[in-house]
Amino acid sequence: MSQNVIVLIGRILLSIIFITSGFEKLTDPSGTAGMITNAGWPAATALAYLAGLFELVAGLAILVGFQTRIASYLLAAFCLVTAFVFHSGAINVPDFPPAANGLLTLFNQIMMMKNVTIAGAFLVLAGFGPGSLSLDARAGTAATA
């Protein structure tokens, strides 16, 4: 299998989580708005919609390979911010058993590491480009590092 096909498959796999998550935030922002509120940020519903729009548009850009480096850098930063703002630290739900809170904390740590890992993948994509099977390559802006 050629490297360009592998990069295309990688872009598809990286984009899926952002396209679906962005769509979900745009159609039902309440869960995200709750997390934003719990983090102490203002205008939670507006930020949830903005996050959803960003994830959807950036995810589609990665999927088709349009402005891939810019989208990759932005998504890497987004992943790191969400990792450290929303997924670091212990979870303590009042009236939950300690074991349940421990399990939620473990899941939260996994989510943090997932975001950090995805940020790394986006930095690789930004560094090496989207491959020849991309809109960037058709426009002549997909030069490799």
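Residues numbered from 1 in each chain as written. Predicted model: local features only at pLDDT ≥ 70, side-chain atom pairs only at ≥ 80, totals over all residues. Heavy atoms only, no water.

1. Overview of unusual backbone geometry
- With a phi angle near 50°, Ala43 is a residue other than glycine that sits in the positive phi range.
- Locating Ala43 in the fold gives a position in the loop between helix H2 (30–38) and helix H3 (44–64).
- Phi is positive for Asp95, close to 70°, though the residue is something other than glycine.
- Relative to the elements of secondary structure, Asp95 occurs in the loop between helix H4 (68–86) and helix H5 (98–128).
- The class of Asp95 is exposed, set by a relative accessible area of 83%. (Helix = DSSP H or I, 4+ residues; strand = E, 2+ residues; numbered from the N terminus. Buried < 20%, exposed > 50% of the residue type's maximum accessible area, 1.4 Å probe, protein only.)

2. Points about the environment of Asn4
- As for its position among the elements, Asn4 is in helix H1 (residues 3–27).
- Taking relative accessible area as the criterion, Asn4 reaches 28% and is therefore assigned partly exposed.
- Once the C-alpha coordinates of Asn4 and Gly131 are considered, the two residues, 127 residues apart in sequence, prove to be 5.1 Å apart.
- Dropping the residues within four chain positions of it, Asn4 is found in contact with Gly131, Ser132 and Leu133. (Contact = heavy atoms within 4.5 Å.)

3. Structural notes on H1
- Taking 1.5 Å per residue, 25 residues should reach 36 Å; H1 reaches 36 Å between its end C-alpha atoms and fits that length.
- The axis of H1 is deflected most strongly, by about 30°, at Ser15.
- Every buried residue belonging to H1 is among Arg11, Leu14, Ser15, Phe18, Ile19, Ser21, Gly22 and Lys25, and all of these are buried.
- Residues of H1 that are buried in the fold lie against H2, H3, H4 and H5. (Expected span 1.5 Å × (residues − 1). Bend = angle between axes of the 7 residues up to and from the residue.)

4. Some thoughts on the packing of H2 against H3
- It is at 8 Å that the axes of H2 and H3 come closest, and there the two elements cross at 120°. Considering their axes alone, H2 and H3 lie oblique with respect to each other. H3 is crossed by H2, and the crossing has right-handed handedness. Where H2 approaches H3, its residues Thr32, Ala33, Ile36 and Thr37 are matched on the opposing element by Ala44, Thr45, Leu47 and Ala48.
- Each residue belonging to the contact of H2 with H3 can be placed in one class, and the counts come to 5 nonpolar, 3 polar and no charged. (Axes fitted to C-alpha atoms, helices over the stretch in contact; angles between N-to-C directions. Parallel < 35°, antiparallel > 145°, perpendicular 65-115°, else oblique. Left-handed = near helix turned anticlockwise from the far one by under 90°. Nonpolar A, V, L, I, M, F, W, Y, C, P; charged D, E, K, R; others polar.)

5. Comments concerning the UniProt feature "transmembrane region" (unreviewed entry) in the protein chain
- In the UniProt entry, the feature "transmembrane region" (unreviewed entry) is given for residues 5–23, 43–66, 73–94 and 106–128.
- What you have in residues 43–66 is 88% helix and 0% strand, and the ends, taken at the C-alpha atoms, are 30 Å apart.
- End-to-end, the C-alpha atoms of residues 106–128 are 33 Å apart, and along that stretch the chain is 100% helix and 0% strand. (UniProt positions renumbered as here; feature names shortened; annotations may be inferred.)

6. Examining H5
- With 31 residues, H5 should cover 45 Å at 1.5 Å per step; its first-to-last C-alpha distance of 45 Å lies within 8% of that length.
- Along H5, the residues that are buried comprise Asn101, Thr105, Asn108, Met112, Asn115, Ile118, Ala119, Phe122, Leu125 and Ala126.
- Taken together, the buried residues of H5 touch H1, H3 and H4.
- The first or second residue beyond H5 is Gly129, which carries a positive phi of 90°.

7. Topic: the nonpolar core
- Of all hydrophobic cores here, the largest spans 15 residues; its most connected members are Leu14, Phe18, Ile62, Leu75, Ile118 and Phe122.
- Elements with a contribution of two residues or more to this core: H1, H3, H4 and H5.
- Of the residues forming this core, the biggest block, 5 residues, is contributed by H4.
- The next biggest cluster of nonpolar side chains, apart from the first, holds 5 residues, and it includes Ala33, Ile36, Ala48 and Phe86. (Core = buried A, V, L, I, M, F, W, Y, C linked by side-chain atoms within 4.5 Å.)

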